[in-house]
Amino acid sequence: MRELDAIGLEILSNALKSINDECFVALMKASYSTNIKERHDHSTAIMSANGELIAQADMSLPIHVASMSGLMRCLLEKYKSDIHEGDIFVANDPHTAGGTHLPDVNFAAPVFIDCELVGYVCNIAHHADIGGMAAGSMSGGMTEIYQEGLRIPVTRIARHDEINQEILDIFLLNARAPQERRGDYYAQIAAAKLGVRRLNELGCRYGAELLREGFQQLLARSANRMALALKEVPDGVYQFEDFMDDDGVKTTDVVLKVRIEAKAGKLTFDFTGTAPQTAGNINMTLNATQSAVIFAIKSLLDPEAPNTQAVIDCVDVIVPEGTVASAVFPASVAGRAHTCQRVIDVVMGALAPALPNLVPAAPNGANTMAVFSGIDPRSGQPYVYLETIGGGAGGRPTKPGKDGVQTGITNTSNLPVEAIENEYPLMVLEYGLAPNSGGKGKHPGGRGIRRIVKPIGHRCVFNGVGERFRNPPWGLAGGENGGRGRFAMLDQQSNEAPLPGKTGDRIIAEGGAVLMDSPGAGGWGHPKN
(Lines give C-alpha, C1' and ligand atoms only; values in the text may rest on other atoms or scores of the structure.)
Protein backbone atom coordinates (compact mmCIF):
# COMPACT_ATOMS: atom_id res chain seq x y z
CA MET A 1 0.00 0.00 0.00
CA ARG A 2 1.58 3.29 -1.09
CA GLU A 3 1.55 6.37 1.09
CA LEU A 4 0.35 9.74 -0.09
CA ASP A 5 3.23 12.12 -0.70
CA ALA A 6 3.29 15.52 1.02
CA ILE A 7 1.36 17.24 -1.76
CA GLY A 8 -1.25 14.50 -1.96
CA LEU A 9 -1.71 14.55 1.81
CA GLU A 10 -2.20 18.32 1.80
CA ILE A 11 -4.79 18.00 -0.99
CA LEU A 12 -6.65 15.38 1.05
CA SER A 13 -6.47 17.53 4.19
CA ASN A 14 -7.97 20.49 2.37
CA ALA A 15 -10.63 18.32 0.76
CA LEU A 16 -11.73 17.15 4.21
CA LYS A 17 -11.75 20.75 5.46
CA SER A 18 -13.89 21.73 2.48
CA ILE A 19 -16.43 19.01 3.28
CA ASN A 20 -16.60 20.09 6.92
CA ASP A 21 -16.95 23.76 6.02
CA GLU A 22 -19.70 23.03 3.49
CA CYS A 23 -21.61 20.98 6.06
CA PHE A 24 -21.13 23.74 8.66
CA VAL A 25 -22.61 26.36 6.34
CA ALA A 26 -25.43 24.05 5.23
CA LEU A 27 -26.45 23.44 8.85
CA MET A 28 -26.29 27.16 9.57
CA LYS A 29 -28.39 28.13 6.56
CA ALA A 30 -31.01 25.39 7.03
CA SER A 31 -31.56 25.85 10.77
CA TYR A 32 -34.47 27.73 12.31
CA SER A 33 -33.11 29.06 15.60
CA THR A 34 -31.09 32.25 15.95
CA ASN A 35 -28.66 30.35 18.16
CA ILE A 36 -27.51 28.33 15.15
CA LYS A 37 -28.29 30.37 12.06
CA GLU A 38 -27.05 33.67 13.54
CA ARG A 39 -24.72 32.80 16.43
CA HIS A 40 -23.26 29.66 14.79
CA ASP A 41 -23.33 27.55 17.95
CA HIS A 42 -22.58 24.33 16.07
CA SER A 43 -19.69 22.24 14.75
CA THR A 44 -18.98 19.63 12.09
CA ALA A 45 -16.32 16.92 11.93
CA ILE A 46 -15.08 13.82 10.12
CA MET A 47 -14.11 10.72 12.11
CA SER A 48 -12.30 7.53 11.16
CA ALA A 49 -14.00 4.15 11.26
CA ASN A 50 -12.40 3.69 14.69
CA GLY A 51 -13.91 6.93 16.00
CA GLU A 52 -10.76 9.05 15.78
CA LEU A 53 -11.20 12.76 15.03
CA ILE A 54 -9.64 13.37 11.59
CA ALA A 55 -10.82 16.89 10.76
CA GLN A 56 -13.05 19.58 12.22
CA ALA A 57 -14.42 22.67 10.49
CA ASP A 58 -12.34 25.78 11.21
CA MET A 59 -15.50 27.64 12.23
CA SER A 60 -16.38 24.98 14.81
CA LEU A 61 -16.32 25.46 18.58
CA PRO A 62 -13.27 24.20 20.51
CA ILE A 63 -15.54 22.98 23.30
CA HIS A 64 -17.07 20.45 20.89
CA VAL A 65 -13.76 18.72 20.09
CA ALA A 66 -13.86 16.01 22.74
CA SER A 67 -17.66 15.84 22.77
CA MET A 68 -17.76 14.39 19.27
CA SER A 69 -15.08 11.88 20.20
CA GLY A 70 -17.14 10.93 23.24
CA LEU A 71 -20.15 10.22 21.04
CA MET A 72 -18.10 7.99 18.76
CA ARG A 73 -16.68 6.00 21.66
CA CYS A 74 -20.17 5.27 23.01
CA LEU A 75 -21.60 4.59 19.55
CA LEU A 76 -18.96 1.98 18.73
CA GLU A 77 -19.31 0.33 22.14
CA LYS A 78 -23.09 0.02 21.76
CA TYR A 79 -23.54 -0.92 18.11
CA LYS A 80 -20.21 -2.60 17.28
CA SER A 81 -20.70 -4.17 13.81
CA ASP A 82 -24.43 -3.34 13.64
CA ILE A 83 -23.76 -0.18 11.64
CA HIS A 84 -25.01 0.11 8.07
CA GLU A 85 -25.17 2.44 5.11
CA GLY A 86 -28.02 4.92 5.49
CA ASP A 87 -27.89 4.92 9.32
CA ILE A 88 -27.86 8.12 11.35
CA PHE A 89 -27.21 8.13 15.10
CA VAL A 90 -28.09 10.80 17.66
CA ALA A 91 -27.13 11.40 21.31
CA ASN A 92 -26.68 14.14 23.89
CA ASP A 93 -26.35 12.62 27.36
CA PRO A 94 -23.14 13.53 29.24
CA HIS A 95 -23.22 10.50 31.53
CA THR A 96 -24.01 7.71 29.05
CA ALA A 97 -23.37 9.05 25.56
CA GLY A 98 -20.16 11.10 25.67
CA GLY A 99 -21.86 14.51 25.56
CA THR A 100 -20.99 17.56 27.61
CA HIS A 101 -24.47 18.96 28.31
CA LEU A 102 -27.98 18.19 27.06
CA PRO A 103 -28.60 21.16 24.70
CA ASP A 104 -25.64 20.03 22.53
CA VAL A 105 -27.18 17.31 20.35
CA ASN A 106 -24.74 15.12 18.37
CA PHE A 107 -25.50 13.44 15.04
CA ALA A 108 -23.24 10.88 13.34
CA ALA A 109 -23.64 9.11 9.98
CA PRO A 110 -21.39 6.26 8.77
CA VAL A 111 -19.76 6.46 5.32
CA PHE A 112 -19.28 3.31 3.26
CA ILE A 113 -17.14 3.10 0.13
CA ASP A 114 -17.28 -0.11 -1.90
CA CYS A 115 -19.24 -1.67 1.01
CA GLU A 116 -16.39 -0.83 3.44
CA LEU A 117 -16.87 1.46 6.43
CA VAL A 118 -14.27 4.23 6.13
CA GLY A 119 -15.49 6.81 8.60
CA TYR A 120 -18.27 9.02 9.92
CA VAL A 121 -19.49 12.54 9.37
CA CYS A 122 -20.64 14.24 12.57
CA ASN A 123 -22.25 17.46 13.61
CA ILE A 124 -23.28 18.97 16.91
CA ALA A 125 -25.63 21.90 17.50
CA HIS A 126 -26.72 23.73 20.62
CA HIS A 127 -30.53 23.72 20.77
CA ALA A 128 -32.14 26.73 22.42
CA ASP A 129 -34.29 24.41 24.53
CA ILE A 130 -34.18 20.67 25.19
CA GLY A 131 -36.92 20.59 27.84
CA GLY A 132 -36.40 20.34 31.58
CA MET A 133 -37.38 22.56 34.48
CA ALA A 134 -36.49 25.90 32.86
CA ALA A 135 -36.70 27.43 29.40
CA GLY A 136 -33.35 27.23 27.67
CA SER A 137 -32.39 24.13 29.70
CA MET A 138 -29.43 25.94 31.27
CA SER A 139 -30.89 27.87 34.21
CA GLY A 140 -29.04 28.18 37.49
CA GLY A 141 -30.42 26.18 40.39
CA MET A 142 -30.62 22.78 38.69
CA THR A 143 -29.25 20.06 40.97
CA GLU A 144 -29.39 16.86 38.90
CA ILE A 145 -29.28 15.86 35.25
CA TYR A 146 -32.97 14.88 35.25
CA GLN A 147 -33.96 18.53 35.67
CA GLU A 148 -31.99 19.72 32.66
CA GLY A 149 -34.06 18.27 29.84
CA LEU A 150 -34.42 15.30 27.54
CA ARG A 151 -31.59 12.76 27.92
CA ILE A 152 -30.81 10.97 24.65
CA PRO A 153 -28.62 7.85 24.76
CA VAL A 154 -26.86 6.84 21.56
CA THR A 155 -29.87 6.05 19.35
CA ARG A 156 -30.31 5.07 15.70
CA ILE A 157 -32.69 7.73 14.40
CA ALA A 158 -32.44 6.73 10.73
CA ARG A 159 -32.14 3.37 8.99
CA HIS A 160 -31.78 2.97 5.20
CA ASP A 161 -32.01 6.79 4.96
CA GLU A 162 -35.49 6.76 6.53
CA ILE A 163 -35.99 8.92 9.64
CA ASN A 164 -37.74 7.23 12.56
CA GLN A 165 -40.51 9.76 13.06
CA GLU A 166 -41.65 8.20 16.32
CA ILE A 167 -38.27 8.94 17.93
CA LEU A 168 -38.27 12.48 16.57
CA ASP A 169 -41.79 12.99 17.95
CA ILE A 170 -40.50 12.15 21.44
CA PHE A 171 -37.78 14.77 21.06
CA LEU A 172 -40.28 17.41 19.93
CA LEU A 173 -42.80 16.64 22.67
CA ASN A 174 -40.19 17.60 25.27
CA ALA A 175 -39.34 20.99 23.70
CA ARG A 176 -40.98 24.34 24.40
CA ALA A 177 -40.74 25.50 20.78
CA PRO A 178 -41.24 22.25 18.82
CA GLN A 179 -41.45 23.83 15.36
CA GLU A 180 -38.08 25.49 15.85
CA ARG A 181 -36.60 22.26 17.23
CA ARG A 182 -37.94 20.29 14.23
CA GLY A 183 -36.25 22.74 11.87
CA ASP A 184 -32.92 22.48 13.71
CA TYR A 185 -33.04 18.67 13.86
CA TYR A 186 -33.77 18.43 10.15
CA ALA A 187 -30.93 20.87 9.46
CA GLN A 188 -28.55 18.56 11.34
CA ILE A 189 -29.84 15.53 9.46
CA ALA A 190 -29.47 17.34 6.13
CA ALA A 191 -25.91 18.38 7.00
CA ALA A 192 -25.07 14.78 7.91
CA LYS A 193 -26.46 13.46 4.62
CA LEU A 194 -24.56 16.13 2.70
CA GLY A 195 -21.35 15.09 4.42
CA VAL A 196 -21.95 11.44 3.54
CA ARG A 197 -22.38 12.36 -0.14
CA ARG A 198 -19.26 14.50 -0.22
CA LEU A 199 -17.07 11.94 1.54
CA ASN A 200 -18.39 9.27 -0.82
CA GLU A 201 -17.37 11.43 -3.77
CA LEU A 202 -13.91 11.81 -2.26
CA GLY A 203 -13.73 8.07 -1.68
CA CYS A 204 -14.54 7.38 -5.30
CA ARG A 205 -11.38 9.31 -6.24
CA TYR A 206 -9.06 7.84 -3.62
CA GLY A 207 -10.56 4.43 -2.92
CA ALA A 208 -11.38 3.13 0.54
CA GLU A 209 -7.90 1.80 1.33
CA LEU A 210 -6.01 4.93 0.36
CA LEU A 211 -8.53 7.14 2.17
CA ARG A 212 -8.10 5.18 5.39
CA GLU A 213 -4.32 5.35 5.01
CA GLY A 214 -4.55 9.07 4.42
CA PHE A 215 -6.49 9.46 7.67
CA GLN A 216 -3.70 7.75 9.60
CA GLN A 217 -1.04 9.88 7.91
CA LEU A 218 -2.92 13.04 8.88
CA LEU A 219 -3.01 11.85 12.49
CA ALA A 220 0.72 11.08 12.41
CA ARG A 221 1.48 14.51 10.96
CA SER A 222 -0.58 16.20 13.71
CA ALA A 223 1.16 14.14 16.39
CA ASN A 224 4.59 15.18 15.12
CA ARG A 225 3.56 18.80 14.91
CA MET A 226 2.25 18.87 18.49
CA ALA A 227 5.32 17.00 19.78
CA LEU A 228 7.51 19.81 18.42
CA ALA A 229 5.22 22.48 19.88
CA LEU A 230 5.22 20.95 23.37
CA LYS A 231 9.02 21.15 23.51
CA GLU A 232 8.62 24.95 23.72
CA VAL A 233 7.50 24.57 27.34
CA PRO A 234 10.61 24.58 29.61
CA ASP A 235 10.98 21.61 31.92
CA GLY A 236 9.50 22.30 35.32
CA VAL A 237 6.42 22.17 37.54
CA TYR A 238 3.86 24.94 37.23
CA GLN A 239 0.81 25.45 39.46
CA PHE A 240 -2.17 27.77 39.65
CA GLU A 241 -5.64 27.98 41.13
CA ASP A 242 -8.72 30.07 40.46
CA PHE A 243 -12.32 30.09 41.58
CA MET A 244 -15.82 29.81 40.19
CA ASP A 245 -18.10 32.41 41.80
CA ASP A 246 -20.67 29.87 42.99
CA ASP A 247 -22.70 26.87 41.87
CA GLY A 248 -26.04 28.68 41.88
CA VAL A 249 -27.31 26.66 44.84
CA LYS A 250 -25.17 26.82 47.99
CA THR A 251 -21.42 26.73 47.33
CA THR A 252 -19.29 29.82 46.70
CA ASP A 253 -15.67 30.18 45.56
CA VAL A 254 -15.42 26.73 43.97
CA VAL A 255 -11.71 26.06 43.51
CA LEU A 256 -10.05 24.67 40.38
CA LYS A 257 -6.39 23.70 40.75
CA VAL A 258 -3.87 22.45 38.22
CA ARG A 259 -0.33 21.16 38.53
CA ILE A 260 1.49 20.98 35.20
CA GLU A 261 4.63 18.91 34.92
CA ALA A 262 6.71 19.50 31.79
CA LYS A 263 9.57 17.14 31.06
CA ALA A 264 11.32 16.65 27.71
CA GLY A 265 8.28 17.72 25.72
CA LYS A 266 5.81 15.65 27.75
CA LEU A 267 3.10 17.56 29.61
CA THR A 268 0.88 16.21 32.37
CA PHE A 269 -2.03 18.25 33.70
CA ASP A 270 -3.10 17.12 37.18
CA PHE A 271 -6.28 18.67 38.61
CA THR A 272 -6.00 16.97 42.00
CA GLY A 273 -7.21 19.41 44.66
CA THR A 274 -10.07 20.71 42.51
CA ALA A 275 -13.35 21.04 44.43
CA PRO A 276 -15.78 18.12 44.69
CA GLN A 277 -18.68 18.15 42.25
CA THR A 278 -21.31 20.65 43.32
CA ALA A 279 -25.05 20.54 43.86
CA GLY A 280 -25.45 23.26 41.22
CA ASN A 281 -24.97 22.77 37.50
CA ILE A 282 -21.42 24.07 36.97
CA ASN A 283 -19.99 20.52 36.88
CA MET A 284 -18.14 19.11 33.86
CA THR A 285 -17.57 15.66 32.51
CA LEU A 286 -13.98 14.67 31.76
CA ASN A 287 -14.21 15.23 27.99
CA ALA A 288 -15.16 18.88 28.57
CA THR A 289 -12.07 19.36 30.71
CA GLN A 290 -9.94 17.73 28.01
CA SER A 291 -11.34 20.14 25.40
CA ALA A 292 -10.45 23.12 27.59
CA VAL A 293 -6.88 21.91 28.21
CA ILE A 294 -6.33 21.24 24.51
CA PHE A 295 -7.63 24.70 23.61
CA ALA A 296 -5.22 26.36 26.04
CA ILE A 297 -2.20 24.41 24.76
CA LYS A 298 -3.07 24.94 21.09
CA SER A 299 -3.72 28.65 21.46
CA LEU A 300 -0.35 29.19 23.15
CA LEU A 301 1.90 26.84 21.18
CA ASP A 302 0.38 26.18 17.74
CA PRO A 303 -2.92 27.96 17.06
CA GLU A 304 -2.96 26.85 13.42
CA ALA A 305 -2.68 23.13 14.21
CA PRO A 306 -5.74 21.26 12.91
CA ASN A 307 -8.04 19.69 15.49
CA THR A 308 -7.48 15.93 15.32
CA GLN A 309 -7.40 12.98 17.68
CA ALA A 310 -3.62 13.38 17.85
CA VAL A 311 -4.08 16.84 19.36
CA ILE A 312 -6.51 15.46 21.96
CA ASP A 313 -4.06 12.67 22.83
CA CYS A 314 -0.89 14.79 22.92
CA VAL A 315 -1.03 15.49 26.66
CA ASP A 316 -2.04 13.57 29.77
CA VAL A 317 -4.97 14.97 31.75
CA ILE A 318 -5.53 13.64 35.27
CA VAL A 319 -8.80 14.58 36.96
CA PRO A 320 -10.08 12.73 40.03
CA GLU A 321 -13.63 11.43 39.55
CA GLY A 322 -16.32 13.14 41.52
CA THR A 323 -14.79 16.59 41.20
CA VAL A 324 -16.30 19.60 39.48
CA ALA A 325 -13.95 18.91 36.55
CA SER A 326 -14.89 15.21 36.22
CA ALA A 327 -18.37 14.85 37.65
CA VAL A 328 -20.25 11.57 37.87
CA PHE A 329 -23.93 10.70 37.54
CA PRO A 330 -26.36 12.25 38.36
CA ALA A 331 -24.43 15.53 38.43
CA SER A 332 -26.01 18.56 36.83
CA VAL A 333 -23.78 19.94 34.04
CA ALA A 334 -25.82 22.51 32.10
CA GLY A 335 -23.48 25.38 32.95
CA ARG A 336 -20.31 23.46 32.18
CA ALA A 337 -19.08 26.06 29.66
CA HIS A 338 -18.36 28.52 32.47
CA THR A 339 -16.19 25.95 34.23
CA CYS A 340 -14.42 25.12 30.97
CA GLN A 341 -13.46 28.76 30.75
CA ARG A 342 -12.02 28.62 34.27
CA VAL A 343 -10.01 25.51 33.37
CA ILE A 344 -8.44 27.54 30.56
CA ASP A 345 -7.74 30.37 33.00
CA VAL A 346 -5.92 28.09 35.44
CA VAL A 347 -3.88 26.42 32.69
CA MET A 348 -2.91 29.83 31.28
CA GLY A 349 -2.13 31.14 34.75
CA ALA A 350 0.08 28.16 35.50
CA LEU A 351 2.02 28.50 32.24
CA ALA A 352 2.51 32.28 32.52
CA PRO A 353 5.95 31.94 34.20
CA ALA A 354 7.03 29.37 31.60
CA LEU A 355 5.79 31.33 28.56
CA PRO A 356 5.77 34.98 29.71
CA ASN A 357 5.76 36.38 26.19
CA LEU A 358 2.75 34.33 25.11
CA VAL A 359 0.24 34.18 27.97
CA PRO A 360 -2.38 36.96 28.12
CA ALA A 361 -4.18 38.23 31.20
CA ALA A 362 -7.45 36.55 32.13
CA PRO A 363 -10.30 37.13 29.67
CA ASN A 364 -13.92 37.55 30.75
CA GLY A 365 -13.85 33.86 31.67
CA ALA A 366 -17.58 33.36 31.27
CA ASN A 367 -20.39 32.44 28.93
CA THR A 368 -22.79 35.06 30.21
CA MET A 369 -26.07 33.33 29.42
CA ALA A 370 -29.39 35.12 28.99
CA VAL A 371 -32.68 33.35 28.29
CA PHE A 372 -35.94 35.20 27.70
CA SER A 373 -39.04 33.04 27.27
CA GLY A 374 -42.80 33.44 27.14
CA ILE A 375 -45.78 33.47 24.80
CA ASP A 376 -45.36 35.62 21.71
CA PRO A 377 -48.40 37.94 21.64
CA ARG A 378 -48.14 38.14 17.85
CA SER A 379 -48.65 34.40 17.28
CA GLY A 380 -49.80 32.94 20.57
CA GLN A 381 -46.90 30.48 20.35
CA PRO A 382 -44.14 29.93 22.91
CA TYR A 383 -40.68 31.36 22.21
CA VAL A 384 -37.24 30.91 23.75
CA TYR A 385 -34.49 33.45 23.08
CA LEU A 386 -31.12 32.18 24.28
CA GLU A 387 -27.78 33.86 23.95
CA THR A 388 -24.37 33.66 25.53
CA ILE A 389 -22.95 37.16 25.53
CA GLY A 390 -19.30 37.87 24.75
CA GLY A 391 -17.01 39.95 26.93
CA GLY A 392 -13.48 41.26 27.17
CA ALA A 393 -10.36 39.48 25.97
CA GLY A 394 -7.28 39.71 28.18
CA GLY A 395 -4.53 42.21 27.56
CA ARG A 396 -1.65 40.56 25.69
CA PRO A 397 2.13 40.90 25.98
CA THR A 398 2.18 42.90 22.74
CA LYS A 399 -1.23 44.55 22.41
CA PRO A 400 -4.52 45.31 24.19
CA GLY A 401 -7.30 42.76 24.56
CA LYS A 402 -10.31 42.94 22.25
CA ASP A 403 -13.66 44.35 23.36
CA GLY A 404 -16.92 42.43 23.31
CA VAL A 405 -15.88 39.06 21.90
CA GLN A 406 -16.28 35.39 22.74
CA THR A 407 -13.08 34.00 24.23
CA GLY A 408 -11.75 30.59 25.19
CA ILE A 409 -13.63 27.49 24.13
CA THR A 410 -16.55 29.28 22.47
CA ASN A 411 -16.48 30.69 18.97
CA THR A 412 -19.97 32.12 18.58
CA SER A 413 -21.19 35.50 17.37
CA ASN A 414 -23.03 38.17 19.32
CA LEU A 415 -26.63 38.15 18.15
CA PRO A 416 -27.51 41.30 16.14
CA VAL A 417 -30.21 43.59 17.51
CA GLU A 418 -32.12 43.23 14.25
CA ALA A 419 -32.26 39.43 14.63
CA ILE A 420 -33.52 39.65 18.21
CA GLU A 421 -36.24 42.17 17.45
CA ASN A 422 -37.32 40.42 14.24
CA GLU A 423 -37.56 36.94 15.76
CA TYR A 424 -38.88 37.68 19.26
CA PRO A 425 -41.35 40.05 21.00
CA LEU A 426 -38.42 41.87 22.60
CA MET A 427 -36.81 45.29 22.25
CA VAL A 428 -33.12 45.99 22.77
CA LEU A 429 -32.92 49.33 24.55
CA GLU A 430 -29.15 49.42 24.71
CA TYR A 431 -26.32 47.43 23.12
CA GLY A 432 -22.78 48.60 23.64
CA LEU A 433 -19.66 48.14 25.74
CA ALA A 434 -19.89 47.91 29.53
CA PRO A 435 -18.33 51.09 30.99
CA ASN A 436 -14.96 50.83 32.78
CA SER A 437 -14.88 47.04 32.48
CA GLY A 438 -11.43 46.62 30.91
CA GLY A 439 -8.55 46.21 33.37
CA LYS A 440 -5.89 48.90 33.19
CA GLY A 441 -2.40 47.97 32.07
CA LYS A 442 0.38 48.66 29.64
CA HIS A 443 -1.92 46.71 27.36
CA PRO A 444 -5.45 47.11 28.75
CA GLY A 445 -7.98 44.31 28.94
CA GLY A 446 -10.98 44.32 26.64
CA ARG A 447 -14.36 45.62 27.75
CA GLY A 448 -17.48 43.56 28.31
CA ILE A 449 -20.85 44.01 26.63
CA ARG A 450 -23.95 45.76 27.93
CA ARG A 451 -27.40 44.72 26.76
CA ILE A 452 -30.72 46.04 28.05
CA VAL A 453 -33.71 44.03 26.82
CA LYS A 454 -37.43 44.52 27.50
CA PRO A 455 -40.49 42.43 26.56
CA ILE A 456 -43.05 44.04 24.23
CA GLY A 457 -46.79 43.55 24.78
CA HIS A 458 -46.40 40.78 27.35
CA ARG A 459 -44.54 39.69 30.44
CA CYS A 460 -41.76 37.14 30.12
CA VAL A 461 -39.42 34.98 32.17
CA PHE A 462 -35.71 35.76 32.44
CA ASN A 463 -33.01 33.24 33.33
CA GLY A 464 -29.44 34.42 33.62
CA VAL A 465 -26.27 32.50 34.40
CA GLY A 466 -23.09 34.50 34.82
CA GLU A 467 -19.54 34.04 36.04
CA ARG A 468 -16.80 36.51 37.01
CA PHE A 469 -19.58 38.40 38.80
CA ARG A 470 -17.79 37.82 42.14
CA ASN A 471 -14.17 36.93 41.30
CA PRO A 472 -12.85 39.37 38.68
CA PRO A 473 -10.63 38.40 35.73
CA TRP A 474 -7.05 38.72 36.91
CA GLY A 475 -4.41 40.99 35.45
CA LEU A 476 -0.92 39.77 34.57
CA ALA A 477 2.61 41.22 34.81
CA GLY A 478 1.35 44.11 36.93
CA GLY A 479 -1.87 44.70 35.02
CA GLU A 480 -5.08 45.39 36.93
CA ASN A 481 -8.10 43.11 37.22
CA GLY A 482 -10.95 43.42 34.75
CA GLY A 483 -14.47 44.49 35.65
CA ARG A 484 -17.04 42.06 37.03
CA GLY A 485 -20.28 41.20 35.26
CA ARG A 486 -23.75 41.90 36.63
CA PHE A 487 -27.48 41.47 36.06
CA ALA A 488 -30.16 43.95 37.16
CA MET A 489 -33.91 44.30 36.75
CA LEU A 490 -35.13 47.72 35.61
CA ASP A 491 -38.57 49.16 36.29
CA GLN A 492 -40.38 51.63 34.04
CA GLN A 493 -38.40 54.50 35.58
CA SER A 494 -35.11 52.63 34.94
CA ASN A 495 -34.50 52.06 38.64
CA GLU A 496 -32.15 49.09 39.11
CA ALA A 497 -32.72 46.06 41.34
CA PRO A 498 -29.62 43.83 41.36
CA LEU A 499 -30.06 40.17 40.43
CA PRO A 500 -27.80 37.29 41.47
CA GLY A 501 -25.32 35.92 38.98
CA LYS A 502 -27.36 32.74 38.62
CA THR A 503 -30.93 33.92 38.73
CA GLY A 504 -33.39 31.08 38.15
CA ASP A 505 -36.81 32.18 36.87
CA ARG A 506 -37.56 35.91 37.20
CA ILE A 507 -40.78 37.43 35.90
CA ILE A 508 -40.22 40.58 33.84
CA ALA A 509 -43.41 42.61 33.77
CA GLU A 510 -44.50 44.48 30.66
CA GLY A 511 -42.64 47.79 30.76
CA GLY A 512 -39.76 46.31 32.75
CA ALA A 513 -36.37 45.35 31.37
CA VAL A 514 -33.20 43.46 32.22
CA LEU A 515 -29.70 44.94 32.22
CA MET A 516 -26.86 42.53 31.47
CA ASP A 517 -23.20 43.53 31.76
CA SER A 518 -20.74 40.80 30.83
CA PRO A 519 -17.29 40.83 32.49
CA GLY A 520 -14.33 42.67 31.03
CA ALA A 521 -10.79 41.31 31.11
CA GLY A 522 -7.52 41.80 32.96
CA GLY A 523 -4.80 44.14 31.79
CA TRP A 524 -1.23 43.06 30.94
CA GLY A 525 1.76 44.99 32.28
CA HIS A 526 1.92 47.82 34.78
CA PRO A 527 -0.31 50.74 33.69
CA LYS A 528 2.52 53.29 34.09
CA ASN A 529 5.04 51.39 31.96
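Residues numbered from 1 in each chain as written. Predicted model: local features only at pLDDT ≥ 70, side-chain atom pairs only at ≥ 80, totals over all residues. Heavy atoms only, no water.

1. Some remarks on the state of the cysteines
Summed over the entire model, instances satisfying the criterion amount to 0 disulfides. Not part of a disulfide, Cys204 finds its nearest cysteine sulfur in Cys115, a span of 12 Å. (Disulfide = S-S within 2.5 Å.)

2. Focus: the pairing of strand 18 (residues 496-499)
Of the strand pairs in this sheet, strand 17 (residues 486-490) and strand 18 are connected by 4 bridges, and their pairing is antiparallel. Its bridge partner lying in strand 18, Met489 is registered against Ala497. (Pairing = 2+ DSSP bridges. Helix = DSSP H or I, 4+ residues; strand = E, 2+ residues; numbered from the N terminus.)

3. Overview of the sheet that holds strand 8 (residues 236-246)
Sheet strands pair via backbone hydrogen bonds, and the direction of the pair is either parallel or antiparallel. Across the sheet, which stays open at both edges, the 4 strands sit in the order 8-9-10-11 with mixed pairing between neighbours. Across the chains shown, the open sheet's two edge strands, defined by having one partner strand only, are strand 8 and strand 11 (316-318). Put simply, the sheet's adjacent strands are angled 20° from each other on average, direction ignored. Across 5 bridges, strand 9 (residues 252-263) lies against strand 10 (residues 266-270) in antiparallel orientation. Bridge assignment links Arg259 to a residue of strand 10, and that residue is Asp270. Running at roughly 150° to strand 8, helix 9 (residues 336-351) makes contact with strand 8, strand 9 and strand 10 of the sheet. (Axes fitted to C-alpha atoms, helices over the stretch in contact; angles between N-to-C directions. Contact = heavy atoms within 4.5 Å.)

4. What to know about the pairing of strand 17
Alignment of strand 17 against strand 20 (residues 513-517), held across 5 bridges, turns out to be antiparallel. Bridge pairing in strand 20 links Ala488 to Leu515. With antiparallel pairing between neighbouring strands as the criterion, strand 17 and strand 18 make up a hairpin whose turn holds 5 residues, including Ser494 at a positive phi of roughly 65°.

5. Quick notes on helix 3 (residues 65-79)
In a regular helix each residue adds 1.5 Å, so 15 residues correspond to 21 Å; helix 3 covers 22 Å between its end C-alpha atoms and thus fits that length. For helix 3, a buried count of 11 out of 15 residues is recorded, marking the element as mostly surrounded by other parts of the structure. Residues of helix 3 that are buried: Val65, Ala66, Ser67, Met68, Ser69, Gly70, Leu71, Met72, Cys74, Leu75 and Tyr79. Two residues or fewer past helix 3, Lys80 is found with a positive phi of approximately 50°. (Expected span 1.5 Å × (residues − 1). Buried < 20%, exposed > 50% of the residue type's maximum accessible area, 1.4 Å probe, protein only.)

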